[in-house]
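If you want the building blocks of each chain, they are given just below.
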Amino acid sequence: MSDQIVRAMTKDGFVKASAIASTALVERARQIHKTFPTATAALGRTLSAASMMGDLQKVDDGSLTLQIRGDGPLGTILAVSDAAGNVRGYVANPQISLLEKYRGKLDVGAAVGRGMLTVIRDLRMKEPYIGSVELATGEIAEDVTAYFAQSEQIPTACALGVLVDVDQSVRAAGGYLIQLLPGAPDAVIDRLEAGVQKAGAVTPLLSRGMGPEELLRTVLDGFELEILRTAPVAYRCYCSRDRVAATLISLGRQELREIAEGGETIRVGCQFCDADYAFTPEEVRSLLETI
């Protein structure tokens with residue numbers, strides 16, 4: 001089954017929610033970046049969160065960037081989502097040693113470390129909106145929760161999970177993002193907290209094959225749900241030869257001339273995907289002529 005994102009709202013209008021099944025896109029990221037299990041879990045959680053946050057954007061051609069910059073061995077983790085929830089991303093150090101809290105439980109928090117979470121919302125206005133908060137735990141979900149509470153003043157419950165199989169492939173990945181809207185009475189808040197508590201950790205639910213809608217109905221037990229949108233999502237990179245050529249042109253005449261005179265074909269790899277673009281000295285000279 002392909003990855004999906006589901007957006008919903010409770011019939012009382014006090015709670016909005018998103019959930020994602022992201023197994024295939026996280027596995028695609030693992031294959032591209034050749035991540036070891038701890039990096040797979042951290043990047044997978046970040047991609048899943050960015051997808052749900054990007055899907056909530058109100059601008060069709062907007063984008064959302066979620067950056068986790070910690071002092072742990074993973075280094076920077078970056079995920080970029082379009083307005084439909086399609087994502088791409090990378091982790092600076094994809095092949096760190098296995099870090100576990102206990103056998104079978106990856107220690108993402110220790111691998112991320114202390115640092116900052118930054119969200120950049122490009123709503124196609126003059127300047128993007130940028131919000132940053134200190135990392136709460138480095139476990140990603142708690143950090144996203146803290147970001148919404150501190151930077152956007154939206155009470156939020158976020159859960160993210162990535163289950164890595166014994167062969168290091170991704171067996172299951174996904175999560176949910178649930179937000180209280182202004183004016184929610186205490187009874188609604190209490191019911192939501194009870195539902196989150198009763199549902200427990202998200203990874204076991206995903207490992208049982210629970211899809212995004214079922215996930216929301218499990219966590220929002222006792223609420224009447226209205227499903228607003230169900231859509232496929234994927235790992236999607238927007239790189240192209242033209243974009244790489246434009247980047248080369250931005251280096252300026254002097255540097256391009258030196259590359260051309262070097263007499264060797266240069267190769268430019270995309271940091272988000274496994275695409276590799278080759279430019280011969282003749283092609284670099286052609287770019288020079290456009291400046």
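For the structure, see preceding data.
The text that follows walks through the structure, step by step, so that each part is easy to find. Just so it is clear, the model here is predicted, and its values are computed rather than measured. (Residues numbered from 1 in each chain as written. Predicted model: local features only at pLDDT ≥ 70, side-chain atom pairs only at ≥ 80, totals over all residues. Heavy atoms only, no water.)

1. Some words on the sheet that holds strand β2 (residues 15-21)
Two pairing modes exist for strands in a sheet, parallel and antiparallel, and in both the strands are linked by backbone hydrogen bonds. Ordered by their spatial adjacency, 5 strands build an open sheet running β10-β11-β2-β1-β12, and the pairing between neighbours is antiparallel. Only two strands of the sheet have a single neighbouring strand rather than two, namely β10 (156-164) and β12 (225-232). Neighbouring strand axes in the sheet, compared pairwise and without regard to direction, differ in orientation by 10° on average. Across 6 bridges, the pairing between strand β1 (residues 4-10) and β2 is antiparallel. Residue pairing in the sheet places Q4 in a bridge with A21 of β2. Contacts from helix α1 (residues 23-33) reach β2, β10 and β11 (170-180) within the one sheet, and its direction differs from that of β11 by about 120°. The sheet contacts of helix α5 (residues 186-199) involve β2, β10 and β11, and relative to β11 the element is tilted by about 170°. (Pairing = 2+ DSSP bridges. Helix = DSSP H or I, 4+ residues; strand = E, 2+ residues; numbered from the N terminus. Axes fitted to C-alpha atoms, helices over the stretch in contact; angles between N-to-C directions. Contact = heavy atoms within 4.5 Å.)

2. A look at the layout of surface pockets
Estimated volume of the largest pocket: approximately 810 Å³. Those elements that provide at least two residues to the lining of the largest pocket are α2 (37-55), β6 (100-102), β7 (105-106), α4 (141-151), β10, β11 and α6 (202-207). The biggest single contributor to the lining of the largest pocket is β10, with 6 residues. By residue class, the composition of the lining of the largest pocket is 16 nonpolar, 5 polar and 9 charged. Here the second largest pocket defines a volume of roughly 240 Å³. Counting only elements with at least two residues in the lining of the second largest pocket, the list comes to α8 (241-249) and β13 (266-269). Residue composition of the lining of the second largest pocket, grouped by class: 8 nonpolar, 3 polar and 2 charged. (1 Å grid on protein atoms, 1.4 Å probe; cavity = no way out; pocket = protein on both sides within 12 Å on 5 of 7 lines; lining within 4 Å. Points joined across faces, edges and corners; volume = space filled by probe spheres on them. Nonpolar A, V, L, I, M, F, W, Y, C, P; charged D, E, K, R; others polar.)

3. Observations regarding α5
Taking 1.5 Å per residue, 14 residues should reach 20 Å; α5 reaches 20 Å between its end C-alpha atoms and fits that length. Among the residues of α5, those classed as buried are V188, L192, G195 and A199. Looking down the long axis of α5, one finds its buried residues gathered within 60° of arc, a one-sided arrangement. What points out from α5, more than 90 degrees from its buried face, is the exposed set D186, E193, Q197 and K198. (Expected span 1.5 Å × (residues − 1). Buried < 20%, exposed > 50% of the residue type's maximum accessible area, 1.4 Å probe, protein only. Arc of directions from axis to C-beta.)

Take it as geometry only, folks, not as evidence of what the structure does.
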